[in-house]
Amino acid sequence: KKEKLSYHFLKIFLNFVRNNIRPEISNEADDLFFFFYKEIKLFKFINLTPNIKKFESFIKLAISLAKCQLRSVVLRKDVRKIGDFFKELSENEKKIKKTFFHKEKMLNSKKKYPKHTKNFDYSKKIFKDKVHK
């Protein structure tokens, strides 16, 4: 039987994680990030156009997964789980759109995102390092 977590506990847990856990990315995870980016770009396993913002989201999700498990390192398995999540999203994209956006047009956001965030710089660094090898 699963216990339900209280709102108060979740609030304390998330504040603790946000303030105390700062995972580093392992070399194996770093290599897998690049592999998934290359796979997206070359083989288009996801119905998304590859760009740095999507790659940055991919990195942030893997870091968040490690944080939730209170680990100080992002492991290969975290990156693989997020990759599987992205693949599942792409495979079920039509179902998701029908469920959540029934008879609504998808709106493209025109927001300008800051281009000099830590993860953006990191994702650019990974891409440049791997391409120039």
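Structure: see above.
Being a predicted model, the structure only gives us computed values, none of them experimental. (Residues numbered from 1 in each chain as written. Predicted model: local features only at pLDDT ≥ 70, side-chain atom pairs only at ≥ 80, totals over all residues. Heavy atoms only, no water.)

K.L.:
For unusual backbone geometry, give the residues involved together with the corresponding values.
P.N.:
For residues that are not glycine, phi is negative in most cases, and the peptide bond is trans in most cases. For L70, which is not a glycine, the phi torsion comes out positive at approximately 55 degrees. Within the fold, L70 resides in the loop between helix 3 (52–68) and strand 2 (73–74). Relative accessible area serves as the criterion here: at 44%, L70 is assigned to the partly exposed category. (Helix = DSSP H or I, 4+ residues; strand = E, 2+ residues; numbered from the N terminus. Buried < 20%, exposed > 50% of the residue type's maximum accessible area, 1.4 Å probe, protein only.)

K.L.:
An account of the packing of helix 3 against helix 4 (residues 76–91) is needed here, citing residue identities and associated values.
P.N.:
Interhelical geometry of helix 3 versus helix 4 gives an angle of 125 degrees and a closest axis separation of 9 Å. Here helix 3 is positioned oblique relative to helix 4, judged by the angle of their axes. The way helix 3 lies across helix 4 gives a crossing that is right-handed. Where helix 3 abuts helix 4, its residues F58, L61, A62, L65 and A66 lie against D78, V79, K81, I82, G83 and F86. (Axes fitted to C-alpha atoms, helices over the stretch in contact; angles between N-to-C directions. Parallel < 35°, antiparallel > 145°, perpendicular 65-115°, else oblique. Left-handed = near helix turned anticlockwise from the far one by under 90°. Contact = heavy atoms within 4.5 Å.)

K.L.:
Just give me the short version of helix 4, but keep the residues and values in it.
P.N.:
The first and last C-alpha atoms of helix 4 sit 22 Å apart over 16 residues, in line with the 22 Å expected at 1.5 Å per residue. By the burial criterion, the buried members of helix 4 are D78, V79, I82, G83, F86 and S90. Buried residues of helix 4 fall within an arc of 135 degrees about the axis and therefore sit on the same side. (Expected span 1.5 Å × (residues − 1). Arc of directions from axis to C-beta.)

K.L.:
Please set out a nonpolar patch on the surface residue by residue, giving values where relevant.
P.N.:
The grouping of L5, F9 and L10 at the surface amounts to a nonpolar patch, some 280 Å² of accessible area in total. By the element assignment, L5 lies in the segment before helix 1 (7–20). The exposure class of L5 is exposed, given its relative accessible area of 54%. (Patch = residues over 30% accessible without salt bridge, like charges linked within 9 Å, V, L, I, M, F, W, Y side chains within 5 Å. Areas by Shrake-Rupley, 256 points an atom, 1.4 Å probe, with all protein chains shown as cover. Salt bridge = Lys/Arg side-chain N within 4 Å of Asp/Glu carboxyl O.)

K.L.:
Describe the pattern of salt bridges, listing the residues and the values that go with them.
P.N.:
This model, assessed by the stated rule, comprises 2 salt bridges. Salt-bridge contacts for E56 lead to K60; the nearest nitrogen and oxygen are separated by 3.6 Å. Residue E56 and its partner K60 are located together in helix 3, separated by 4 residues, close to a single helical turn. Owing to a relative accessible area of 9%, E56 belongs among the buried residues under this scheme.

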